[in-house]
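# Secondary and tertiary structure notes
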Amino acid sequence: MGVILLVLLLALLLGGLGFAAHILWIIAAVVFVAWLVGFGFAGGELAGGRRSRWYRRW
């Protein structure tokens, strides 16, 4: 009985870990798209001899 409970607990833990990893991949994709959009807009901000902010040049 203890072995069955241990296996069920392990399956529950790994299932939760898989769900959390899936959510983290979605968040990483959203952040990457936002970074690409920001990187694209940073090129047009060099008007009037001003330099863009340091974090937008990355």
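Now for a look at the structure at hand. This one's a predicted model, so the numbers in the text were calculated from it and none came from an experiment. (Residues numbered from 1 in each chain as written. Predicted model: local features only at pLDDT ≥ 70, side-chain atom pairs only at ≥ 80, totals over all residues. Heavy atoms only, no water.)

### Quick look at a nonpolar patch on the surface
Taken together, the side chains of Phe 19, Ile 23, Leu 24, Ile 26, Ile 27, Val 30 and Val 31 make up a nonpolar region of the molecular surface, amounting to roughly 680 Å² of accessible area. One can find Leu 24 in helix α1 (residues 2–42). Exposure remark for Leu 24: the relative accessible area of 57% places this residue in the exposed category. (Patch = residues over 30% accessible without salt bridge, like charges linked within 9 Å, V, L, I, M, F, W, Y side chains within 5 Å. Areas by Shrake-Rupley, 256 points an atom, 1.4 Å probe, with all protein chains shown as cover. Salt bridge = Lys/Arg side-chain N within 4 Å of Asp/Glu carboxyl O. Helix = DSSP H or I, 4+ residues; strand = E, 2+ residues; numbered from the N terminus. Buried < 20%, exposed > 50% of the residue type's maximum accessible area, 1.4 Å probe, protein only.)

### Notes on the packing of aromatic side chains
One pass over the full model with this rule turns up 1 aromatic pair. Relative to Trp 35, the ring of Phe 32 lies with its centre 6.0 Å away and its plane at 25°, an arrangement referred to as stacked. With Phe 32 and Trp 35 both in helix α1 and 3 residues apart, this pair spans about one turn of that helix. According to the relative accessible area criterion, Phe 32 is partly exposed, its value standing at 47%. (Phe/Tyr/Trp six-rings, centres within 6.5 Å; stacked < 30°, edge-to-face > 60°.)

Honestly, it's all geometry; don't read function into it.
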